[in-house]
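Read off the chains here:
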Amino acid sequence: MIKTHKSTALAKMQLDAGATGFLCGTLDECEMVYQLGAKHIMYAYPTANPVNIRRLLPFAKDAELIIRLDTVRAAEILNSEAEKAGVIVSYTVIVDMDFGMPADAVVDFVKTLSSLKNLKFRGISTHPGQVYGCTTRAALEEVAKLEKDTMKRAADALAAAGFPCEIISSGSTP
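Quick look at the structure, then.

One pair of aromatic rings is described through two measures. These are the centre distance and the angle between the planes. According to the stated counting rule, one finds four aromatic pairs in the structure shown. Between Tyr 91 and Phe 121 the ring centres are 5.7 Å apart and the planes differ by 65 degrees, which places this aromatic pair in the edge-to-face class. Note that Tyr 91 is positioned in strand E4 (residues 89–94) and Phe 121 in strand E5 (residues 119–126), a separation of 30 residues in sequence. One aromatic cluster is present, formed by Tyr 91, Phe 121 and Phe 163 through successive ring pairs.

Leu 65, Leu 69, Val 89, Val 93, Val 106 and Ile 124 are the most contacted members of the largest nonpolar core, which totals 47 residues. If we ignore the near neighbours within four places in the chain, the residues touching Val 89 are Leu 57, Ala 60, Leu 65, Ile 67, Leu 78, Ala 82, Asn 118, Leu 119 and Lys 120.

In this section: the environment of Ser 90. Here Ser 90 is to be found in strand E4. Distance in space between the C-alpha atoms of Ser 90 and Ile 66 is 4.6 Å, their sequence separation being 24 residues. Non-local contacts of Ser 90, meaning those with residues more than four positions away in its chain, are made with Glu 64, Leu 65, Ile 66, Ile 67, Lys 120 and Arg 122.

Residues of helix H5 (residues 106–113) that are buried include every one of Val 106, Val 107, Phe 109, Val 110 and Leu 113, and no others. Angular distribution of buried residues about the axis of H5 spans 160 degrees; they occupy a single face of the element. Structurally, H5 contributes buried residues whose contacts are with strand E3 (64–69), helix H4 (72–85), E4, E5 and helix H6 (137–160).

On the secondary structure map, Val 143 appears in helix H6. Once the C-alpha coordinates of Val 143 and Pro 128 are considered, the two residues, 15 residues apart in sequence, prove to be 7.4 Å apart. For Val 143, the contacting residues outside a window of four places in its chain are Pro 128, Gln 130, Val 131 and Cys 134.

Let's shift gears to H6. Between its terminal C-alpha atoms H6 stretches 34 Å, which fits the 34 Å expected from 24 residues at 1.5 Å a residue. Along H6, the positions that sit buried rather than exposed are Val 143, Glu 147, Thr 150, Met 151, Ala 154, Ala 155 and Leu 158. In the segment just after H6, Gly 162 is the residue with positive phi, at about 90 degrees.

Procedures and definitions
- Residues numbered from 1 in each chain as written.
- Predicted model: local features only at pLDDT ≥ 70, side-chain atom pairs only at ≥ 80, totals over all residues.
- Heavy atoms only, no water.
- Phe/Tyr/Trp six-rings, centres within 6.5 Å; stacked < 30°, edge-to-face > 60°.
- Helix = DSSP H or I, 4+ residues; strand = E, 2+ residues; numbered from the N terminus.
- Core = buried A, V, L, I, M, F, W, Y, C linked by side-chain atoms within 4.5 Å.
- Buried < 20%, exposed > 50% of the residue type's maximum accessible area, 1.4 Å probe, protein only.
- Contact = heavy atoms within 4.5 Å.
- Arc of directions from axis to C-beta.
- Expected span 1.5 Å × (residues − 1).

Written as structure tokens, this is what we have:
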């Protein structure tokens, strides 16, 4: 995650050491790592704003761009802009921990998006934000177990429906 250091010099050192991709929290971070030569860029947040999407799409021409999605409308806007740009954009579905798609609805969501030809399903992501309120190790472990169980349930259901996850990702500072 580039936000941990926000440093062009450190990102370059990471690439030189063999890193091939970055998780970015802002459009500026995406642009920075792309200009450094990153071949895999994941934007940590969904975007339904065509202006922001157009800012991201040039990366999809010679790097893999992965955007997280949690609504059909955002996916339709992204697909439309990707079609105009002549690119395919990979995506992961945000599985609900505090926000996102409920785990039991993920299969239907991915089936719905499968008709969008400029989007490619890659997996699932989550952000267990409730971990920020934990004050004991036991509470942290409870959130971790919830996350593990929820993501496994979603990944297993997707695989059974013919949508295996290449990516299962999580993130939150704690």
